[in-house]
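So you can see what is in the structure, the chains are spelled out below.
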Amino acid sequence: MTAASRLAELDSLDPLDLCVRAEASLSSLVDVMNKETTLLRAGHLREAGQLTPEKTALAQDYVGFARAIQRQNARIVAEAPDALRRLQNGHESLATQMAENLRVLATAKSVTEDVLTDVSRAVGQQERTRTYDMSGTITLDPESAARGIAVNRAL
């Protein structure tokens, strides 16, 4: 099916049916994002990452419905105003869930950076030289200092 034929199919839907489909898509997207947020908050990053393909597909579906609703807005306002209002309320729910998801992601990122910094400092402390120079002080040999940490960015 081509993009043009998908657009034509969406535009030919009954306004109420279009809103109901968009609402179902939106509800599924909010549910998946809620699961992802819950998993991230619990520290289950791999499991949260496994939701990405489903979340992406649902987001694409919802965007397609939203654009169809924008194109058919006058007809929907006239024929299915209650369904449009429900959809707008659902969209607010999505915005709330996205904001929470972003807060959790920012916290996880901050915690990860703090852990990596602490590990880097600990490794650097272990690598310091333990000998005295000719003046009787312990010097830090820059060649033996920690050179960095490898990070798996697969997630």
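Refer to the structure printed above.
A quick note: this is a predicted structure, and the numbers were derived from the prediction, not measured.

Definitions and cut-offs
- Residues numbered from 1 in each chain as written.
- Predicted model: local features only at pLDDT ≥ 70, side-chain atom pairs only at ≥ 80, totals over all residues.
- Heavy atoms only, no water.
- Helix = DSSP H or I, 4+ residues; strand = E, 2+ residues; numbered from the N terminus.
- Expected span 1.5 Å × (residues − 1).
- Polar contact = N/O pair within 3.5 Å; in protein donor to acceptor, adjacent residues only side chain to side chain.
- Salt bridge = Lys/Arg side-chain N within 4 Å of Asp/Glu carboxyl O.
- Buried < 20%, exposed > 50% of the residue type's maximum accessible area, 1.4 Å probe, protein only.
- Contact = heavy atoms within 4.5 Å.
- Axes fitted to C-alpha atoms, helices over the stretch in contact; angles between N-to-C directions.
- Parallel < 35°, antiparallel > 145°, perpendicular 65-115°, else oblique.
- Left-handed = near helix turned anticlockwise from the far one by under 90°.
- Nonpolar A, V, L, I, M, F, W, Y, C, P; charged D, E, K, R; others polar.

(A) Inspection of helix H2 (residues 15-41) at higher detail. Between the first and last C-alpha of H2 there are 38 Å, a value that for 27 residues agrees with the 39 Å anticipated at 1.5 Å per step. Capping the start of H2 is the job of one residue whose side-chain oxygen sits 3.2 Å from the backbone nitrogen of Leu 16: Asp 14. Within two residues after H2, Gly 43 carries a phi angle of roughly 85 degrees, on the positive side.

(B) Broad picture of the pattern of salt bridges. Evaluated as defined, the whole model comprises 8 salt bridges. The partner of Arg 21 in a salt bridge is Asp 17, and the shortest N-O contact between them spans 3.5 Å. One end of the pair, Arg 21, and the other, Asp 17, are both in helix H2, 4 residues apart, so they sit about a helical turn from each other. Judged by relative accessible area, Arg 21 falls into the partly exposed class, the value being 36%. Look at Asp 17 and you get partly exposed, because its relative accessible area is 28%.

(C) A look at the side chain of Glu 36. Residue placement: Glu 36 occurs in helix H2. Residues in contact with Glu 36, not counting those within four places in the same chain, are Ala 48, Leu 51, Lys 55 and Asn 101.

(D) Inspection of the packing of H2 against helix H4 (residues 52-71) at higher detail. Two elements in contact, H2 and H4, have axes whose closest approach is 9 Å; the angle formed by their N-to-C orientations is 150 degrees. Taken as axis vectors, H2 and H4 run roughly antiparallel relative to one another. As H2 packs across H4, the resulting crossing turns out to be left-handed. Residues Leu 18, Arg 21, Ala 22, Ser 25, Leu 26, Ser 28, Leu 29, Val 32, Met 33 and Glu 36 of H2 form the contact with H4, whose participating residues are Glu 54, Lys 55, Leu 58, Ala 59, Asp 61, Tyr 62, Phe 65, Ala 68 and Ile 69. In the contact of H2 with H4, the residues fall into 12 nonpolar, 2 polar and 5 charged.

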